[in-house]
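One letter stands for each residue in the lines below.
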Amino acid sequence: MLTIGSYLNKEKRTIMENLQTSYLGLKLRNPLIAGSCGLTNSISNIKELAKRGVGAIVIKSLFEEQIHVETEKVIKTDQDGVRTFTHAPETIFSRRIYDYDEAYSYIYDFAKRNTIEKYLDFLKEAKSSVDIPVIASINCVSNQDWHAFAKKIEETKVDALELNIYILPSDWRRSGEDNEKIYYDIIREVRNYVNLPIAVKIGYYFSSLAQSVQKLSQSGIKGLVLFNRPYNTDIDIDTIGLSHGSIYSSSEEFTHTLRWISILSGHVSCDLSASTGVHDYKAFIKQLLAGATTVQIASALYREGFDVIPEILNKTGEWMKTHSFATVGSFRGKLSKSNLENPAAIERVQFMKLYSGIE
Ligand SMILES: Cc1cc2nc3c(=O)[nH]c(=O)nc-3n(C[C@H](O)[C@H](O)[C@H](O)COP(=O)(O)O)c2cc1C
């Protein structure tokens, strides 16, 4: 098994120390973060991830629907005993979707199995198991009922809170402005109850992504995680039914995040954490060069195993040595587009050059 201790000699350990980073106001030994996923849902994995060297860990998300079920805001039983959801995150789903029996049962059973109390106990245990920052995570869709438990998250002594705001702008009745308002409502509401540093994880479905991210960065949050990888719908042509794409990213997917980290770095008022498609040290270094404060990995942990952590850190150390970078700060953002007034014009020319040359 590779761990930082066994993996790095003294010289390299000095380089590790120079990977020290500040994220959300927290001190991290390096910018590599284990992103929220099923692997951050067990104490033994959390200890193992810390041992292999990650700078911080984002715990598997609690889903907002659990909170509504527990606060019983979500269920209404009519005179005939028919149960329906009274709270539906109208923000993204129409109430009718939650009224489907299958959706109702799934969420209700899921919430019963995964109670808030269990989650809070898990956060406490996770925090006391490792000496690196532990970040709680909530997957949210509305600004309701936060008072019921937000303070309790703080009491677990976790270091920060990541809000994964999942809004698919597919509701015909809602404008872009309506959808964006939800982000601010959630952030305001959570900030009312929590003094912890907050990071917001978002998708990329905004009509003017650069401006939206810039405005979000000014809303009192400490970090933005770019991007949430959406659930991908697929179609099975044998069963002629709906299916879904791979839950894991591929190593080609990092370029989308890279573009936006590069465009946004230097133009936002909070930290940027790169997420999606980082599977090796090269993609890790690229995100830092583009201006990411930290880089999160999830699929790579599933696909490559936990040894990918010391592998990324060690190879990054070697690369820094080769290029005479003594600290991560000395190369972070070196290739961001912060000096470009209109990156789209540059991209347009590059696009024309590249694609027009292929016949
Ligand atoms: C099995 C699995 C479970 C996940 N669960 C969560 C979750 O609970 N909360 C969350 O914010 N992201 C979750 N994610 C998304 C990851 O944190 C990450 O944003 C996404 O997988 C893209 O990063 P990657 O390319 O490194 O995997 C999950 C990802 C996987 C593969």
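Residues numbered from 1 in each chain as written. Predicted model: local features only at pLDDT ≥ 70, side-chain atom pairs only at ≥ 80, totals over all residues. Heavy atoms only, no water.

Asker: Summarise the packing of helix α12 (residues 281–290) against helix α14 (residues 308–322); cite the residues concerned and give the values.
Answerer: For the pair α12 and α14, interaxial distance at closest approach is 9 Å and the crossing angle is 60 degrees. With respect to α14, the axis of α12 lies oblique. In this structure, the crossing between α12 and α14 has a hand that is right-handed. Residues Tyr281, Phe284, Ile285 and Leu289 of α12 lie in contact with α14, whose contacting residues are Ile312, Lys315, Thr316 and Trp319. Classifying every residue of the contact of α12 with α14 gives six nonpolar, one polar and one charged. (Axes fitted to C-alpha atoms, helices over the stretch in contact; angles between N-to-C directions. Helix = DSSP H or I, 4+ residues; strand = E, 2+ residues; numbered from the N terminus. Parallel < 35°, antiparallel > 145°, perpendicular 65-115°, else oblique. Left-handed = near helix turned anticlockwise from the far one by under 90°. Contact = heavy atoms within 4.5 Å. Nonpolar A, V, L, I, M, F, W, Y, C, P; charged D, E, K, R; others polar.)

Asker: Explain the nonpolar core to me, and be specific about the residues and the numbers.
Answerer: Core analysis: the biggest nonpolar cluster contains 84 residues, and Ile153, Leu163, Ile202, Leu224 and Ile309 have the highest contact counts within it. Aside from chain neighbours lying at most four places away, what touches Leu224 is Val200, Ile202, Val213, Leu216, Ser217, Cys270, Asp271, Leu272 and Ser273. Tyr23, Leu26, Leu28 and Val225 belong to the second largest nonpolar core, which has eleven residues in total. (Core = buried A, V, L, I, M, F, W, Y, C linked by side-chain atoms within 4.5 Å. Buried < 20%, exposed > 50% of the residue type's maximum accessible area, 1.4 Å probe, protein only.)

Asker: Could you give an account of the site of the ligand, with specific residues and numbers?
Answerer: Ser36, Ser61, Asn164, Ser249 and Ser299 are the nearest of the 18 residues found near the ligand. In this structure, an oxygen atom belonging to the ligand sits 2.9 Å away from a main-chain N or O atom of Ala298. Starting from 610 Å² of accessible surface for the ligand in isolation, the protein chains cover 90%. The residue inventory of the shell around the ligand, partitioned by class, reads six nonpolar, nine polar and three charged. (Near = heavy atom within 4 Å. Polar contact = N/O pair within 3.5 Å; in protein donor to acceptor, adjacent residues only side chain to side chain. Areas by Shrake-Rupley, 256 points an atom, 1.4 Å probe, with all protein chains shown as cover.)

Asker: Quick rundown of the environment of Ile67? Include the residues and the values.
Answerer: Within the secondary structure layout, Ile67 lies in helix α4 (residues 64–70). By relative accessible area, Ile67 is classed as buried at 1%. Spatially, the C-alpha atoms of Ile67 and Trp146 are 8.3 Å apart, while their sequence positions differ by 79 residues.

Asker: Summarise a nonpolar patch on the surface; cite the residues concerned and give the values.
Answerer: Together, Phe351, Met352, Leu354 and Tyr355 make up an exposed nonpolar region whose accessible area comes to about 450 Å². Among the structural elements, Tyr355 can be located in helix α15 (residues 343–356). (Patch = residues over 30% accessible without salt bridge, like charges linked within 9 Å, V, L, I, M, F, W, Y side chains within 5 Å. Salt bridge = Lys/Arg side-chain N within 4 Å of Asp/Glu carboxyl O.)

Asker: Give me the side chain of Ser275: which residues, what numbers.
Answerer: With respect to the secondary-structure elements, Ser275 resides in strand β14 (residues 271–275). Setting aside residues no more than four positions away along its own chain, Ser275 makes contact with Lys201, Val225, Leu226, Phe227, Thr257 and Gln296.

Asker: I'd like a description of the side chain of Glu154, backed by residues and values.
Answerer: Looking at where Glu154 falls in the secondary structure, it is placed in helix α8 (residues 150–155). Excluding its chain neighbours within four sequence positions, the residues that come into contact with Glu154 are Tyr193, Val194, Asn195 and Leu196.

Asker: Requested: an account of the pairing of strand β13 (residues 241–244), with residues and values cited.
Answerer: Strand direction decides the pairing type here: strand β12 (residues 233–236) and β13, joined by four bridges, are antiparallel. Across the sheet, the residue bridging to Ile235 is Leu242, located in β13. Hairpin geometry of β12 and β13 is characterised by an intervening segment of four residues between the two adjacent antiparallel strands and by a positive phi of about 50 degrees at Ile240. (Pairing = 2+ DSSP bridges.)

Asker: Could you give an account of helix α3 (residues 43–52), naming the residues involved and the relevant values?
Answerer: Among the residues making up α3, those that are buried are Ile43, Asn45, Ile46, Leu49, Ala50 and Arg52. Of the residues trailing α3, Gly53 is marked for its positive phi of about 120 degrees.

That is the geometry; function is a separate question.
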